[in-house]
Structure formats: C-alpha cells, structure tokens
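# Architecture and fold: a report
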Amino acid sequence: MVGRYAQEVFAMIARMVPDTMDAEELTQDTFLRAFNYMGSYDPQRASLATWLCRIAYRLTLDFLKRHRPLIVPLESSEVWQTDISDEELEAELSTGREERIQKLELLMDDLPPDESLLLTLHYFENRPLDECAFIMDATPHALANRLYRIRKKLYHQLQKQ
C-alpha cells in the first residue's frame, strides 16, 4: 500500500505544507493512521487512494492549525458586488494563453492551502466533485460553491494585474 500510494499522498500534502520534512512526516503519519483504522475502510464509499487522501487532508489541516495561525484574507467588497456568470468566469480563466496560465499558477500559490488543493484536485487531477467532497469532508454542492467563489476571486485578481 505504501509503495503504491505514497507518492500520491505526499504530492497532495506537499501542496499544502511547503516544508519537505513536514510533508514526509505527515505522509508517514497518514499511513500509520490508515493501518490503525483499516477496519473502518469501506470500499463502497471510496477507493483506497481517495480514503488515504482524506486521512492525509485531515492530518495536514490539523498540522497547519497547530503550526501557523489561520489567516483569513479580507476581500474587498467591490470584488463580491460584481455578479459574473459561470460561463464568463470559465471563458476568462480557461483561455489557453501561456501568459495567463502562468499568472493563474502564481495566483494559486497565494491562495490558502485548502483552496489551492481544491483547485488542484478538481481541475488538475480531474477528480469529480464527489471524490473531492469525500477527501475534504464536505458536500459536493458546498465545494461547487467554493469553486465558484475561488474562480471569481482569481478572475478579479487577474483583472487587477
């Protein structure tokens, strides 16, 4: 199990925790927790990889809460006053110009770890919302709303540049 899934689990943790040593330790903790709770794994609810990612996500959030204060950026009210349709957001953010992609990647680095992870899981790893919801312990509907707000935030940050 470790040989098969360690790289995937480590990659997910490393997106949220910048220090490699911490990410490696959290990866080990994930597999220790998985071994201890193997009896609670239900293959009907999720694949083994998804279950491991959920354990890793929870451990990583706990780690981040213990090791750094939660900083919630205050959004300017003007950003949220403008209503933008899903189609407009998608068209603006998905244009394939190399320069825009690089700007989006830089903006993603400034997002809180859970927002960056959600974008990565859904858009870069092409995981369905149901799977992302299982990993992040949320409902698919709630994550769809979060994705919309994150995309809207990125859109407005792109407009400022």
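Keep in mind the model is a prediction, meaning the values are calculated, not measured.

With that out of the way, let us pick up the overall build of the protein chain. Across its full length, the protein chain carries nine helices and zero strands. Ordering the α and β elements of the protein chain from the N terminus gives α-α-α-α-α-α-α-α-α. Buried positions account for 38% of the 161 residues belonging to the protein chain. For the protein chain, the proportion of contacts with a sequence separation of at least 24, taken over those separated by at least 6, is 68%. Carbon together with sulfur atoms contributes 51% to the accessible area of the protein chain, which is approximately 9,900 Å² in total.

Right, let's get into the side chain of Lys 153. Residue position: Lys 153 is located in helix 9 (residues 140-160). Separated by 2.8 Å, the side chains of Lys 153 and Glu 115 make a polar contact.

Time to look at the environment of Ala 11. Assignment of secondary structure puts Ala 11 in helix 1 (residues 2-16). Owing to a relative accessible area of 31%, Ala 11 belongs among the partly exposed residues under this scheme. Considering only alpha carbons, one finds Ala 11 and Thr 27, 16 residues apart in sequence, at a separation of 9.2 Å.

The next subject is the state of the cysteines. Taken as a whole and assessed by the stated rule, the structure comprises zero disulfides. Not part of a disulfide, Cys 53 finds its nearest cysteine sulfur in Cys 132, a span of 9.9 Å. The exposure class assigned to Cys 53 is buried, which follows from its relative accessible area of 1%. The class of Cys 132 is buried, set by a relative accessible area of 0%.

For the rest of this paragraph, the subject is the packing of helix 2 (residues 20-36) against helix 3 (residues 48-67). Where helix 2 contacts helix 3, the two axes come as close as 9 Å, and the packing angle between them is 125 degrees. When the axis of helix 2 is compared with that of helix 3, the two are oblique. As helix 2 packs across helix 3, the resulting crossing turns out to be right-handed. On the side of helix 2, the interface is formed by Asp 22, Leu 26, Asp 29, Thr 30, Phe 31, Arg 33 and Ala 34, while helix 3 contributes Trp 51, Leu 52, Ile 55, Ala 56, Leu 59, Thr 60 and Phe 63. Tallied by class, residues from the contact of helix 2 with helix 3 come to nine nonpolar, two polar and three charged.

What counts and what doesn't
- Going along each chain's sequence as written, the residues are numbered from 1 onward.
- Local features in a predicted model are, by the rule used here, given only for residues with pLDDT of at least 70; side-chain atom pairs are given and counted only at 80 or more, and totals for whole chains, interfaces and linings are based on all residues.
- Hydrogens and waters are ignored; side-chain quantities use all the structure's heavy atoms.
- Going along the chain from the N terminus, every DSSP run of H or I of four or more residues is numbered as a helix, and every run of E of two or more is numbered as a strand.
- Throughout this description, buried means an accessible area under 20% of the type-specific maximum (1.4 Å probe, protein chains only), exposed means over 50%, and partly exposed covers the range between.
- A contact between two residues is defined here by any heavy atoms of the two lying within 4.5 Å.
- Accessibility throughout is a Shrake-Rupley quantity obtained with a 1.4 Å probe, and a residue counts as covered only by protein chains that appear here.
- In protein, a polar contact requires one atom able to donate a hydrogen and another able to accept it; more generally it is a pair of N or O atoms within 3.5 Å, and residues adjacent in sequence count only if both atoms are side-chain atoms.
- Criterion for a disulfide: a pair of cysteine sulfur atoms within 2.5 Å.
- Orientation is described by lines fitted to C-alpha atoms, with helices fitted over the stretch in contact, and by angles between N-to-C directions that extend from 0 to 180 degrees.
- Angle categories are assigned with fixed cut-offs, so that under 35 degrees is roughly parallel, over 145 is roughly antiparallel, 65 to 115 is roughly perpendicular, and the rest are oblique.
- We call a crossing left-handed when the near helix sits turned anticlockwise from the far one by less than a right angle, and right-handed when that turn is clockwise.
- Three classes are used, and their members are as follows: Ala, Val, Leu, Ile, Met, Phe, Trp, Tyr, Cys and Pro are nonpolar, Asp, Glu, Lys and Arg are charged, and the others, Gly among them, are polar.

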